[in-house]
Amino acid sequence: MVTRRQVVLTFGAGAFAASYRAYAQQSPPKAFRIGHLSTGSRTPDGGPPGPFRERLRALGYVERQNIVYEVRFAEGEMERLSALAAELVQLKVDVIVTQGGPATLAAKQATSTIPIVMAPAAGDAVATELIASLAHPGGNVTGMTDESVQLSAKRMQLLKEAVPKAALMAILWNVNDQGMTLRYREIEKAARILQVEVQAIGVRKPDDFAVAFATITSRRPDAIFLVSDVFTRSNRKQVIEFAAARRIPAMYEYSYYVRDGGLMSYGPSPEDDFREAAIYVDRILKGAKPADLPAEQPTRYYLTINRTTATALGLAIPSSLLLRADDVID
């Protein structure tokens, strides 16, 4: 005789088995495809920057399980960006993360539907018309932007404070990047207020640096200001070495220039920006629309000074400036 309890157990076991078979037959979780388009050089492992991937891992995304990266590097050759952006679009990536203003523009021209996240801040995205406004980016682009006006004036002020007698400053920037050109114009305005003459030196490709250095040498400015984008960053070693060899004080925009031997820098942390970009990607993968995600400006800026470099230049950094520094390298 079959008891009621046996019937229930038999039915329950059958239901469980059927449920398990249905679960086993389900397809594995979707692996999101993240495109990364960079103006600069290939990273050591060929992947996106470490801080970006680390934050996504912390958010639950495991490489080759539920996330796959498709990475393209222009290696400083801006003319390659359009084709590289088109490749990512053809791969039907879920999001494109861009590094550098020209990369963002190329991605925006390649697609109006795939979400684009700017990282790190690569110029004033509103001024360059990549987004409509900070609060309401519109379209398919959002992410990190910066304050070109305030930052440019502040950097010039700090450089002038470090080199009070500076009357001529060479400004070196990538003229192929509209955001950097706008930043140069703000530097020029700040220079007029500080009564400093500007020696404008634009570069477009790696070979231009030799010509730029010859031009700088011909006039021997009192200081150099390097406007940083992915392209100039990739060529920073030769700029830092040139400034050291000619004993010219130089202002940079990020602390890694100073750790590499540059004199001083003032700016946000690119690592922080990449971590914020990962949060944007996470929200988009969970259904948010770029047009509804406000663009962000960095909230923290760091003053870094290399006192060893200052000594080698024969430059006495004012104590008032050293006390305000977030990091002094000896």
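Rules of the game
- Sequence order sets the numbering: in each chain, residues are counted from 1 along the sequence as written.
- In keeping with the predicted nature of the model, local features appear solely for residues at pLDDT of at least 70, side-chain atom pairs appear and are counted solely at 80 or more, and the whole-chain, interface and lining totals rest on all residues.
- Side-chain numbers come from the whole structure's heavy atoms, not from hydrogens or water.
- Strands here are runs of E lasting at least two residues and helices are runs of H or I lasting at least four, both read from the DSSP assignment and numbered beginning at the N terminus.
- Radius of gyration: C-alpha atoms only; globule rule: 2.2 Å multiplied by the number of residues to the exponent 0.38.
- Per-residue accessibility, obtained with a 1.4 Å probe over protein chains only, is compared with the maximum for each type, and a residue is labelled buried under 20%, exposed over 50%, and partly exposed between these values.
- Each accessible area value is a Shrake-Rupley result obtained with a 1.4 Å probe; residue values ignore everything except the protein chains displayed when judging cover.
- When charges are counted, neither His nor the chain ends are considered; positive counts come from Lys and Arg and negative counts from Asp and Glu.
- For the purpose of locating charges, the reference atoms are NZ of Lys, CZ of Arg, CG of Asp and CD of Glu.
- We define a salt bridge as a side-chain nitrogen of Lys or Arg found within 4 Å of a carboxyl oxygen belonging to Asp or Glu.
- Think of a nonpolar core as a cluster: buried Ala, Val, Leu, Ile, Met, Phe, Trp, Tyr and Cys residues, connected wherever their side-chain atoms sit within 4.5 Å.
- Residue contacts are counted whenever heavy atoms from the two residues lie within 4.5 Å of one another.
- A 3.5 Å cut-off defines polar contacts: any pair of N or O atoms within that distance qualifies, except that in protein one atom must be a possible hydrogen donor and the other a possible acceptor, and neighbouring residues in sequence count only when both atoms are side-chain atoms.
- Every axis in this analysis is a line fitted to C-alpha atoms, fitted for helices over the stretch in contact. Angles between the N-to-C directions lie between 0 and 180 degrees.
- Every angle not falling under 35 degrees, over 145, or within 65 to 115 is termed oblique; those three ranges are roughly parallel, roughly antiparallel and roughly perpendicular.
- Note: crossing handedness is left-handed where the near helix turns anticlockwise from the far helix by less than a right angle, and right-handed where it turns clockwise.
- All residues other than Ala, Val, Leu, Ile, Met, Phe, Trp, Tyr, Cys, Pro, Asp, Glu, Lys and Arg, Gly among them, are scored as polar; the first ten of these are nonpolar and the last four charged.
- Only the six-membered ring of Trp is used, alongside the rings of Phe and Tyr, when aromatic pairs are assigned; centres must lie within 6.5 Å, and planes under 30 degrees apart are stacked while those over 60 apart are edge-to-face, with the rest tilted.

Visitor: Help me out: how do you make sense of the overall build of the protein chain in this one?
Guide: Along the protein chain, the regular secondary structure elements total 13 helices and twelve strands. On C-alpha atoms alone, the protein chain measures out to a radius of gyration of 25 Å, which is more than a quarter above the 20 Å that the 2.2 N^0.38 rule sets for 330 residues. Residue burial in the protein chain is summarised as follows: out of 330 residues, 51% are buried. Total accessible area on the protein chain is roughly 15,800 Å²; 53% of this is exposed by carbon and sulfur atoms. Across the protein chain, the 39 positively charged side chains and the 35 negatively charged ones have centroids separated by 4 Å.

Visitor: Can you help me understand the pattern of salt bridges in this one?
Guide: Counted by the stated rule, this structure contains 18 salt bridges. Residue Arg53 is joined to Asp45 by a salt bridge in which the shortest nitrogen-to-oxygen separation is 2.7 Å. Asp45 sits in the partly exposed class, given a relative accessible area of 46%. Put simply, Asp260 and Arg236 hold a salt bridge, and the shortest N to O gap is 2.7 Å. Of the two residues, Asp260 sits in the loop between α10 (255-259) and β10 (264-267) while Arg236 sits in helix α9 (residues 236-245), which places them 24 residues apart along the sequence. The exposure class assigned to Asp260 is partly exposed, which follows from its relative accessible area of 43%. Each of Arg33, Glu70, Arg72 and Glu87 takes part in one network of salt bridges that share partners.

Visitor: Explanation requested: the nonpolar core in the structure shown.
Guide: The nonpolar side chains of soluble globular proteins are, as a tendency, buried together. Membership of the largest hydrophobic core comes to 41 residues, with the highest contact counts inside it found for Leu37, Ile96, Leu172, Ile224 and Tyr252. Look past the residues within four positions of Tyr252 in its chain and what remains in contact with it is Leu226, Val239, Ile240, Ala243, Tyr257, Gly262, Leu263, Met264, Ser265 and Tyr266. Ranked by size, the runner-up nonpolar core spans 34 residues in total, among them Phe225, Leu313, Leu315 and Leu321.

Visitor: Whenever I open this one, the side chain of Ser265 confuses me. Can you help?
Guide: If you trace the backbone, Ser265 turns up in strand β10. Residue class for Ser265 comes out buried when judged on its relative accessible area of 0%. A distance of 3.4 Å separates a polar atom in the side chain of Ser265 from the backbone nitrogen of Ser255. Not counting chain neighbours up to four residues away, the residues in contact with Ser265 comprise Met251, Tyr252, Glu253, Tyr254, Ser255, Val258, Tyr302, Leu303 and Thr304.

Visitor: Could you clarify how one ought to interpret the packing of helix α7 (residues 208-219) against α9 in this entry?
Guide: The description of two packed helices rests on the angle between their axes and on the distance between the axes. Running from N to C, α7 and α9 cross one another at 20°; their axes reach a closest spacing of 11 Å. Judged by the inter-axis angle, α7 sits roughly parallel to α9. Handedness of the crossing formed by α7 with α9: right-handed. In contact with Phe209, Phe213, Ile216 and Thr217 of α7, α9 contributes Gln238, Val239 and Phe242. Taken together, the residues that form the contact of α7 with α9 break down as five nonpolar, two polar and no charged.

Visitor: Could you clarify how one ought to interpret the packing of aromatic side chains in this entry?
Guide: Evaluated as defined, the whole model comprises ten aromatic pairs. Centre to centre, the rings of Phe209 and Phe231 are 5.7 Å apart; their planes meet at 45°, and the pair counts as tilted. Here Phe209, found in helix α7, pairs with Phe231, found in helix α8 (residues 230-234); they are 22 residues apart in sequence, far enough to count as distant. The two residues Phe209 and Phe231 agree in class, both being buried. Seen from their ring centres, Tyr252 and Tyr257 are 5.1 Å apart, and the 10° between their planes marks the pair as stacked. The two residues Tyr252 and Tyr257 agree in class, both being buried.

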